Amino acid sequence: MSQDKTINILIVSDIHLSFSNIKKLGEKINNKKIDLIICGGDICNFDPVNSDDLVKVKECEKEMIDIFKVLHEIVPTVDILYVPGNHDAKTTLLFEGCENQDEEKKSIDYSKPPKLTDRSYNIHKSNFRLDDDLVLVGLGGSLPSYCDNKPHWAGYPYDCINEDGEKQVLSDLNQSLKHKDTINSKDKIILLTHMGPYNCYTTIDQIDLSISPIYSGSKSIENIIKENQQQIFLNIHGHTHHSTGLAKVGKTYVCNPGSLRSGHYVILKVEKFCNQLWRLKSTKFYKL
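Residues numbered from 1 in each chain as written. Predicted model: local features only at pLDDT ≥ 70, side-chain atom pairs only at ≥ 80, totals over all residues. Heavy atoms only, no water.

Turning to the side chain of Ser216, a few remarks are in order. Examined against the element boundaries, Ser216 turns out to sit in the loop between β11 (214-215) and α4 (219-227). At 2.6 Å, the side chain of Ser216 and the side chain of Thr240 are in polar contact. For Ser216, the residues in contact, after removing those within four places along its chain, are Ser145, Trp153, Met195, Thr203, His239 and Thr240. (Helix = DSSP H or I, 4+ residues; strand = E, 2+ residues; numbered from the N terminus. Polar contact = N/O pair within 3.5 Å; in protein donor to acceptor, adjacent residues only side chain to side chain. Contact = heavy atoms within 4.5 Å.)

Here it is in structure tokens:
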């Protein structure tokens, strides 16, 4: 009889430089089996208005490295797979080649994302094979969020407040799905995004029922999930701090672990059942 395969995943997001909570997390998971760490972005507190300040960009890169080093310390033997959020270094989100750089700016290489640590992998606009028929697909960054049909939180790098932003999200997400033709029709997919799907419980922020909700999801992500139900069985995202939980878009589960800065994290297990079908086995939400 075939033995089931399982992968135990520690999910953290929206750390926002909370080193103290990572250390507390290490104490909490000391005896738990973890095979992989997934991070949903907003590792730092970078203000996108400073994205052209190369000194601050490099400082943010260093902060991301420091955070990942502490994460490596609490689970030393596993990889960190991540997408950057809208408050992370520009170089981790925008890594197309830059022209006409002056001598001072040539110290930053925008042709590819920086390699932050040996065992951390940025899968923004890319993907990462977890098993023979299981792939993690990534998209970082965010669109503007809306409240009462007006922009509420700024987006980055998808900062357009019209349909152009969604078009770029769709283009980049398709690039992730087709990256180097590494995904085939038999693969099952876990979609890792910073922002989640539009009009899903996990992307609607409303602490106070007396005020209007904030919608922080993407219609393009929602549509990609709906169009690929046979392959995408799970979407993991962050960004919306106060909407921790598990929801569904069609048949696809959507998991928002919440913000680690607020003490929230998830341990999730995926299983290859009877050596045939990858599925979500269990999801446990924790508070430090």
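The next subject is the layout of surface pockets. What the largest pocket holds in volume is close to 440 Å³. Taken together, 15 residues line the largest pocket, and the ones lying closest to its centre are Tyr146, Glu166, Tyr198, Gly217 and Lys219. Counting only elements with at least two residues in the lining of the largest pocket, the list comes to β7 (145-147) and α3 (163-178). Classifying every residue of the lining of the largest pocket by side-chain character gives 8 nonpolar, 3 polar and 4 charged. (1 Å grid on protein atoms, 1.4 Å probe; cavity = no way out; pocket = protein on both sides within 12 Å on 5 of 7 lines; lining within 4 Å. Points joined across faces, edges and corners; volume = space filled by probe spheres on them. Nonpolar A, V, L, I, M, F, W, Y, C, P; charged D, E, K, R; others polar.)

The next subject is the sheet that holds strand β2 (residues 36-39). Spatial ordering of the open sheet is given by β4-β3-β2-β1-β15-β16, a layout of 6 strands whose pairing is mixed. Strands with a single pairing partner mark the edges of an open sheet, and in this sheet they are β4 (120-122) and β16 (277-287). If you compare each strand with its neighbour and ignore which way they point, the axes differ by 25 degrees on average. Bridge analysis of β2 against strand β3 (residues 80-82) gives 3 bridges, and the strand direction is parallel. Opposite Ile38, over in β3, you have Leu81 as the bridge partner. (Pairing = 2+ DSSP bridges. Axes fitted to C-alpha atoms, helices over the stretch in contact; angles between N-to-C directions.)

The next subject is the pattern of salt bridges. One pass over the structure, following the stated rule, counts 11 salt bridges. When the shortest N-O distance is used, the salt bridge between Lys62 and Asp66 registers 3.0 Å. Highlighted residues: Lys62 and Asp66, both in helix α2 (residues 54-74), separated by 4 residues, approximately one helical turn. The partner of Arg129 in a salt bridge is Asp187, with the nearest N and O atoms 2.8 Å apart. Placement of Arg129 in strand β5 (residues 126-131) and of Asp187 in the loop between α3 and β9 (188-193) is noted, with a sequence separation of 58 residues between them. Judged by its relative accessible area of 1%, Asp187 is buried. (Salt bridge = Lys/Arg side-chain N within 4 Å of Asp/Glu carboxyl O. Buried < 20%, exposed > 50% of the residue type's maximum accessible area, 1.4 Å probe, protein only.)

We now examine the environment of Met195. Mapped onto the elements of the fold, Met195 is located in the loop between β9 and β10 (204-205). Measuring from C-alpha to C-alpha, the distance between Met195 and Glu59 comes to 24 Å, with 136 residues separating the pair along the chain. With residues up to four places along the chain from it excluded, the contact list for Met195 reads Gly141, Ser142, Leu143, Tyr158, Val169, Ser216, Ser218, Ile221, His237 and His239.

Attention now goes to the side chain of Asn8. Following the sequence through the fold, Asn8 ends up in strand β1 (residues 5-12). Discounting chain neighbours no more than four positions away, the residues touching Asn8 are Lys33, Ile34, Asp35, Leu36, Leu268 and Lys269.

Next up on the list: α2. A rise of 1.5 Å per residue sets the reference length of α2, with its 21 residues, at 30 Å; its end C-alpha atoms lie 31 Å apart and thus fit the reference within 8%. The complete set of buried residues in α2 reads Leu54, Val57, Cys60, Glu61, Met64, Ile65, Ile67, Phe68, Val70, Leu71 and His72. (Expected span 1.5 Å × (residues − 1).)

The subject of this paragraph is the packing of helix α1 (residues 19-28) against α2. Where α1 contacts α2, the axes come no closer than 9 Å and their chain directions differ by 10 degrees. With respect to their mutual orientation, α1 and α2 come out roughly parallel. On α2, the residues touching Phe19, Ile22, Lys23, Leu25 and Gly26 of α1 are Asp66, Ile67, Val70, Leu71 and Ile74. Within the contact of α1 with α2, the residues separate by chemical class into 7 nonpolar, 1 polar and 2 charged. (Parallel < 35°, antiparallel > 145°, perpendicular 65-115°, else oblique.)

Our next topic: unusual backbone geometry. Pro157 follows Tyr156 through a cis peptide bond whose omega is 0 degrees. Position of Pro157 relative to the elements: it lies in the loop between β8 (150-153) and α3. Even without being glycine, Lys125 reaches a positive phi, approximately 55 degrees. Tracing the backbone through its elements, the reader meets Lys125 in the loop between β4 and β5. By relative accessible area, Lys125 is classed as buried at 5%.

Further remarks concern the confidence of the model for the protein chain. Residues at a pLDDT of 70 or more form 93% of the protein chain, whose mean pLDDT is 90. Here residues 97-106 scores under 50 on pLDDT; set against residues more than four positions off or in separate chains, the count is 7 contacts. (pLDDT = per-residue confidence, 0-100.)

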